[in-house]
Amino acid sequence: MNSAKLIQRFMTCYSRRRCLSYSMLHQKKQFCTKPDNKLMTQLQSKINFSGPITVAEYMKEALTHATEGYYIHSDVFGVAGDFITSPEISQMFGELIAIWFVNEWMMIGAPENVQLVEMGPGRGTMADDMLRAFSKFPELSKALSVHLVEVSVTLSRLQEEKLSATPDQPAPSSKEGELHYKSCLSKYGPCVYWYRDIKDVPAGCNMFVAHEFFDALPIHKFQKTEHGWREVLVDIDPETENKLRFVLARGDTPASKLALKLCDGDDREHVEVCPQAALVMNYLASCIQEHGGCALIADYGHHGDKQDTFRGFKDHALHEVLENPGCADLTSDVDFSYLKQHTDGKVKAYGPVTQSLFLQNLGIAYRLKILYDKADESGKADLLSAFKLLTYPEEMGERFKFLALLNNACQHNPVGFEPLPEDQPAQPTSEPT
Ligand SMILES: C[S@@+](CC[C@H](N)C(=O)[O-])C[C@H]1O[C@@H](n2cnc3c(N)ncnc32)[C@H](O)[C@@H]1O
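This report concerns the structure included in the present document. Numbering of residues begins from 1 in every chain and follows the order in which that chain's sequence is written. Reporting of local features is limited, given that this is a predicted model, to residues whose pLDDT is at least 70; pairs of side-chain atoms are given and counted only at 80 or more, and all residues count toward the totals for whole chains, interfaces and linings. Excluded from the side-chain calculations are hydrogens and water; all other atoms, namely the structure's heavy atoms, are used.

Neighbouring residues of the ligand: 20 residues in total, closest Thr85, Gly120, Gly122, Glu150 and His211. Counted as a polar contact is a pair of N or O atoms within 3.5 Å, where, for protein atoms, one must be capable of donating a hydrogen and the other of accepting one, and residues adjacent in sequence contribute only when both atoms are in side chains. One of the backbone nitrogen or oxygen atoms of Gly120 is found 2.7 Å away from a nitrogen atom of the ligand. Interatomic distance of 2.6 Å between a side-chain N/O atom of His211 and an oxygen atom of the ligand. For the ligand, the protein covers 95% of the area, taking 600 Å² as the surface of the free molecule. A class-by-class count of the residues in the shell around the ligand yields 10 nonpolar, seven polar and three charged. Consider each residue's heavy atoms; a residue with any of them within 4 Å of a molecule or strand counts as near. In this description, accessible areas are obtained by the Shrake-Rupley approach with a 1.4 Å probe, and a residue is regarded as covered only by the protein chains that are shown. Each residue receives one of three labels: charged for Asp, Glu, Lys and Arg, nonpolar for Ala, Val, Leu, Ile, Met, Phe, Trp, Tyr, Cys and Pro, and polar for the others, Gly being one of them.

Residues other than glycine predominantly adopt negative phi, and peptide bonds predominantly adopt the trans conformation. With omega at 5°, the peptide bond leading from Gly351 into Pro352 counts as cis. On the secondary structure map, Pro352 appears in strand E16 (residues 347-354). The phi angle at Ala110 is positive, at roughly 50°, despite the residue not being glycine. In this fold, Ala110 is placed in the loop between helix H7 (91-107) and strand E2 (114-119). The backbone of Asn242 shows a phi angle near 60°, a positive value even though the residue is not glycine. Segments assigned H or I by DSSP are reported as helices when at least four residues long, segments assigned E as strands when at least two residues long, and all are numbered from the N terminus. Tracing the backbone through its elements, the reader meets Asn242 in the loop between strand E8 (228-236) and strand E9 (244-248).

Side chains of nonpolar character tend, in soluble globular proteins, to be buried together. The biggest cluster of nonpolar side chains holds 64 residues, and the ones touching the most others in it are Trp100, Phe101 and Phe134. A contact between two residues is defined here by any heavy atoms of the two lying within 4.5 Å. When sequence neighbours within four positions are dropped, the list of residues in contact with Phe134 reads Ala98, Phe101, Val102, Leu116, Leu140, Ser141 and Leu144. With 52 residues, the next largest nonpolar core counts Leu39, Ala277, Val280 and Leu405 among its residues. Put simply, a nonpolar core is a bunch of buried Ala, Val, Leu, Ile, Met, Phe, Trp, Tyr and Cys residues held in one set by side-chain atoms that sit within 4.5 Å of each other. For the exposure calls, accessible area comes from a 1.4 Å probe over protein chains only, and a residue counts as buried if that area is under 20% of its type's maximum, exposed if over 50%, partly exposed in between.

Take the number of residues in a helix, subtract one, and multiply by 1.5 Å to get its expected span. An ideal rise of 1.5 Å per residue puts 24 Å on 17 residues; helix H12 (residues 275-291) measures up with 24 Å between its terminal C-alpha atoms. All buried positions along H12 are accounted for by Ala277, Ala278, Val280, Met281, Leu284, Ala285, Cys287 and Ile288. Those residues of H12 that are buried lie in contact with E2, strand E6 (206-211), strand E11 (293-302), helix H13 (336-341), E16 and strand E17 (400-407). In the segment just after H12, Gly292 is the residue with positive phi, at about 80°.

A few words on the packing of aromatic side chains. Note on ring pairs: Phe, Tyr and Trp rings are taken, using the six-membered ring of Trp, and paired if centres are within 6.5 Å. Classes follow the plane angle, with under 30 degrees stacked, over 60 edge-to-face and the rest tilted. By the definition in use, this model includes seven aromatic pairs. Both rings, one in Tyr300 and one in Phe400, keep their centres 5.1 Å apart while their planes meet at 85°; by these two values the pair is edge-to-face. With Tyr300 in strand E11 and Phe400 in strand E17, this residue pair connects regions lying 100 residues apart in the sequence. Ring plane angle 70° and centroid distance 5.7 Å describe the contact between Phe358 and Phe417, whose orientation is recorded as edge-to-face. Linking Phe358 in helix H14 (residues 355-362) with Phe417 in the segment after E17, this pair joins segments that are 59 residues apart in sequence. Comparing Phe358 with Phe417, the two get one shared label, buried.

The next subject is the sheet that holds strand E13 (residues 317-319). Following DSSP output, two strands are said to pair if at least two bridges run between them. The antiparallel open sheet is built from three strands, whose spatial order is E13-E12-E14. For this open sheet the edge positions go to E13 and strand E14 (329-331), each flanked by a neighbour on one side alone. In this sheet, neighbouring strand axes are inclined to one another by 40° on average, regardless of whether the strands run parallel or antiparallel. Pairing of strand E12 (residues 311-314) with E13, which is carried by three bridges, proceeds in the antiparallel orientation. Each residue of the ladder has a partner; that of Gly312, found in E13, is His319. For helices, the axis comes from a line fit to the C-alpha atoms of the stretch in contact; other axes are also lines fit to C-alpha atoms, and the angle between any two N-to-C directions lies between 0 and 180 degrees.

Interhelical geometry of helix H3 (residues 38-50) versus helix H4 (residues 55-64) gives an angle of 155° and a closest axis separation of 11 Å. Taken as axis vectors, H3 and H4 run roughly antiparallel relative to one another. Crossing angle aside, the handedness with which H3 passes H4 is right-handed. Counted together, Leu39, Leu43 and Lys46 of H3 and Glu57, Tyr58, Glu61 and Ala62 of H4 form the full contact between these two elements. Residues belonging to the contact of H3 with H4 are distributed by class as follows: four nonpolar, no polar and three charged. For classification purposes, an angle smaller than 35 degrees is called roughly parallel, one larger than 145 roughly antiparallel, one from 65 to 115 roughly perpendicular, and anything else oblique. Left-handed describes a crossing whose near helix is turned anticlockwise from the far helix by less than a right angle; the clockwise case is right-handed.

Printed below as a string of structure tokens:
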């Protein structure tokens with residue numbers, strides 16, 4: 001079956017509705033400042049003892065510290081949280097990503113064992129939408145196991161609640177020496193396993209997916225000065241109590257020595273480098289080279305031309321990054337050229353293309369119409385606003401991008417990455433036709 005037919009077959013399945021209107025997105029919740037920020041105290045002690053820390057260390061602690069990290073202690077997503085992501089906006093998003101993987105699985109000969117590996121699954125919403133879509137393809141569902149790479153036990157509980165058929169009942173272990181920290185049988189059939197690190201996922205034919213994962217990985221920041229590139233560090237502000245500030249390293253740091261090669265000849269005044277992203281990309285590329293499979297990476301990002309993108313979010317608004325560590329989301333735009341560079345030619349890379357192009361190529365307008373025709377009045381309005389949020393350039397359509405990796409032996413191009421046909425309108429009218 002070709003991908004157009006495949007998409008069509010799936011699109012006609014009716015599913016439940018989940019999307020949000022613009023007004024819901026902009027509702028605010030009460031700001032909750034911790035009176036005594038334990039992480040701030042720990043970071044200050046560390047800086048007092050051994051000097052300023054790197055931005056990467058600060059970001060890592062603020063997001064994933066074992067007890068005080070932002071992702072570790074709370075559910076941070078959705079209208080009531082601090083930000084909203086595409087899978088949380090509409091079921092259409094995860095479903096279309098699922099279709100991309102169904103097509104890839106078929107193009108590589110429908111292997112009998114395949115692992116869906118999601119990095120940073122958040123609330124598990126995208127995995128849920130994907131598995132529901134996969135369940136329409138029984139042969140794939142039979143071949144599939146699901147492997148979630150999640151550092152936050154709190155979020156892993158939400159993921160389990162969403163995906164599990166019978167909570168607290170582990171899935172049978174399939175391989176010797178598995179390194180998962182928990183497992184369950186999903187309500188769609190395939191077993192689900194959780195890991196802290198991508199390298200703990202068993203080797204095999206993997207379909208990797210990462211949505212808004214790379215932007216959460218710690219970055220180093222470098223500033224061009226008259227003495228050459230200097231690393232930006234985080235220090236205690238001597239002027240104000242309980243406050244941190246950015247300073248420049250006086251000389252080379254371990255990271256600046258490594259990054260110098262990268263920054264040499266760069267026109268920018270400021271550069272952000274994410275070594276962990278390089279390691280993950282190299283690992284994905286090696287796995288795909290060795291065992292087959294593919295990867296789809298979606299995030300907001302650029303082509304190596306942006307400068308200072310490090311920022312914080314709290315209550316759907318920008319937040320000062322050095323304030324109240326552990327209480328706000330910290331993120332930076334993903335440098336897609338850097339990601340591609342670190343695949344080292346081990347795989348074929350496609351994109352990045354914009355989210356708008358990718359979703360339209362996958363048939364979002366068609367899926368919208370199916371859901372729209374079956375929805376009530378408020379459902380119709382929600383669906384249209386979700387469509388706009390996901391695809392309009394001024395919303396998430398341009399800023400978010402998709403990158404795909406395929407095995408070098410693949411003879412086909414992945415769907416979603418080709419230019420739109422000229423007769424296809426870039427945006428639908430107010431009513432899908
Ligand atoms: C911005 S959220 C995105 C969630 C989800 N993909 C979505 O789009 O709704 C980042 C996710 O990555 C996880 N995460 C962050 N750093 C991680 C790391 N170093 N290893 C594994 N997971 C990580 C977080 O706990 C969270 O689930």
